[in-house]
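What follows is each chain in one-letter form.
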Amino acid sequence: MNILLINNASLNTDKFKQQNQLLFDAAKDLNIELDVKRNIDIKYWYDSNGSFLERLNCDAILFYDKDITLANLLEEKGYKVFNSADCIKNCDNKALTYKILADNKLPIPKTFIFPLLFYPNVQNNILFIEKVENELAYPVVVKKWFGSEGQQVFLVKNRQEFVDLLNREKQELLIQEYFSECFGSDIRINVVNNEIVASMQRFSKDDFRANLSNGGVAESYKPTESEKILALKAAKALGCDFCGVDILQTQKGPVICEVNSNAHLNNIYKTTGINVAGKILSYIKNKVASV
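Note that this is a predicted model, so its numbers are computed, not measured. (Residues numbered from 1 in each chain as written. Predicted model: local features only at pLDDT ≥ 70, side-chain atom pairs only at ≥ 80, totals over all residues. Heavy atoms only, no water.)

1. Quick notes on the side chain of S185
- Looking at the secondary structure, you find S185 in strand β11 (residues 185-192).
- Every residue in contact with S185, bar those within four places of it in the chain, is listed here: Q201, R202, F203, A210 and L248. (Helix = DSSP H or I, 4+ residues; strand = E, 2+ residues; numbered from the N terminus. Contact = heavy atoms within 4.5 Å.)

2. Here we look at the sheet that holds strand β9 (residues 153-156)
- The four strands lie next to each other as β7-β10-β8-β9, forming an open sheet whose pairing is antiparallel. Two strands bound the open sheet, and with one partner strand each, they are β7 (111-113) and β9. Here the average twist between neighbouring strands, direction ignored, is 25 degrees.
- The sheet strands contacting helix α4 (residues 94-103) are β7, β8 (140-144) and β10 (173-177), and the helix crosses β10 at an angle near 45 degrees.
- Strand contacts of helix α6 (residues 159-169): β8, β9 and β10, with the helix running at about 150 degrees to β9, the strand carrying the most contacts. (Pairing = 2+ DSSP bridges. Axes fitted to C-alpha atoms, helices over the stretch in contact; angles between N-to-C directions.)

3. Some words on α4
- When we look at burial in α4, the residues that qualify are K94, A95, T97, Y98, I100 and L101.
- For α4, the elements touching its buried residues are α3 (85-92), β7, β8, β10, α7 (225-237) and β15 (253-260).
- One side-chain oxygen of the residue at the start of α4 lies 3.1 Å from the amide nitrogen of A95, identifying that residue as N93. (Buried < 20%, exposed > 50% of the residue type's maximum accessible area, 1.4 Å probe, protein only. Polar contact = N/O pair within 3.5 Å; in protein donor to acceptor, adjacent residues only side chain to side chain.)

4. Here's the deal with the pairing of strand β4 (residues 50-53)
- As defined by bridge partners, strand β3 (residues 44-47) adjoins β4 across four bridges and the pair is classed as antiparallel. Counterpart to Y46 in the pairing with β4 is S51.
- Joining the antiparallel neighbours β3 and β4 is a turn of two residues.

5. With respect to the environment of A277
- Tracing the backbone through its elements, the reader meets A277 in helix α9 (residues 276-289).
- Look at A277 and you get buried, because its relative accessible area is 0%.
- Separated by 250 residues in sequence, A277 and A27 place their C-alpha atoms 8.5 Å apart.
- Setting aside chain neighbours within four positions, we find A277 in contact with L22, L23, A26 and L265.

6. So, the side chain of N2
- You can see N2 is positioned in strand β1 (residues 2-7).
- Polar side-chain contacts of N2 include one of 3.5 Å to the side chain of E33.
- Side-chain polar atoms of N2 contact the side chain of D35, separated by 3.0 Å.
- Ignoring sequence-local partners within four residues, the contact set of N2 consists of E33, D35, N57, C58, D59 and A60.

7. Here we look at the packing of aromatic side chains
- Overall, the coordinates contain seven aromatic pairs when judged by the stated rule.
- Seen in terms of ring centroids, Y44 and Y46 are 6.2 Å apart; in terms of plane orientation they differ by 80 degrees. Their pairing is edge-to-face.
- According to the relative accessible area criterion, Y46 is exposed, its value standing at 51%.
- When the centroid spacing of 6.4 Å and the interplanar angle of 85 degrees are considered together, the rings of Y138 and F162 count as edge-to-face. Of this pair, Y138 sits in the loop between α5 (122-133) and β8 while F162 is found in helix α6, placing the two residues 24 residues apart along the sequence.
- Assessed through its relative accessible area of 28%, Y138 is described here as partly exposed. (Phe/Tyr/Trp six-rings, centres within 6.5 Å; stacked < 30°, edge-to-face > 60°.)

Set out below in structure tokens:
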């Protein structure tokens, strides 16, 4: 079987090279021929005759990217794409993520979406801040709709910080309640084909975000039954063949923080010894073979 791995051309750091190596090692063990292309290397265009996409020699595509336009076109041309374009869209756009999770009655932080304003100004920002303040106490968490590794997530402690942030970031923001008991801690649960395959707990002493890319540490973790059920429901609601579900252990019980359709595989492997890459490729191989 031949599987094509598609990566983003701009992500060429050691972290992504190591992830690719995990995938290549797993493919070899599974007798899978794994090729790799960058999204920028795939030729396609649109014109008055419709769409053109170069022919790709593969049985399935492992789409480890967020280029949703390309993923959609691949599916339209009949390629079997994992994760699907819809899944990637649902997870990449956090405003959409929380709407879908809320529609499925799953526990999430109370979330406000900053409205689209053609001409943002301080007066309108203050009106929005007042609405949030009527529902949430400081500090609050502010996130960009799009982002990864915690780089677009902020903890806002008072109104002036809120005003400054809205003036600086302008658009595509959401605001959430903050759980102080979860400072610098969360759980990452990797799901593949509706099964829990690996879990770790992440910690940071100095940052409210637990991301390892921000200096956090991790240890292997055995999730509770309620955490397992929540992770599986989140993956199903968002249409994920595989994903990493981040859960906060709040006083209210487990709450979904985020869901990552392209969760990095290096840290979970280093922490647990489980190569999630092999679980993903095995699932794709069996899924394609059964059709």
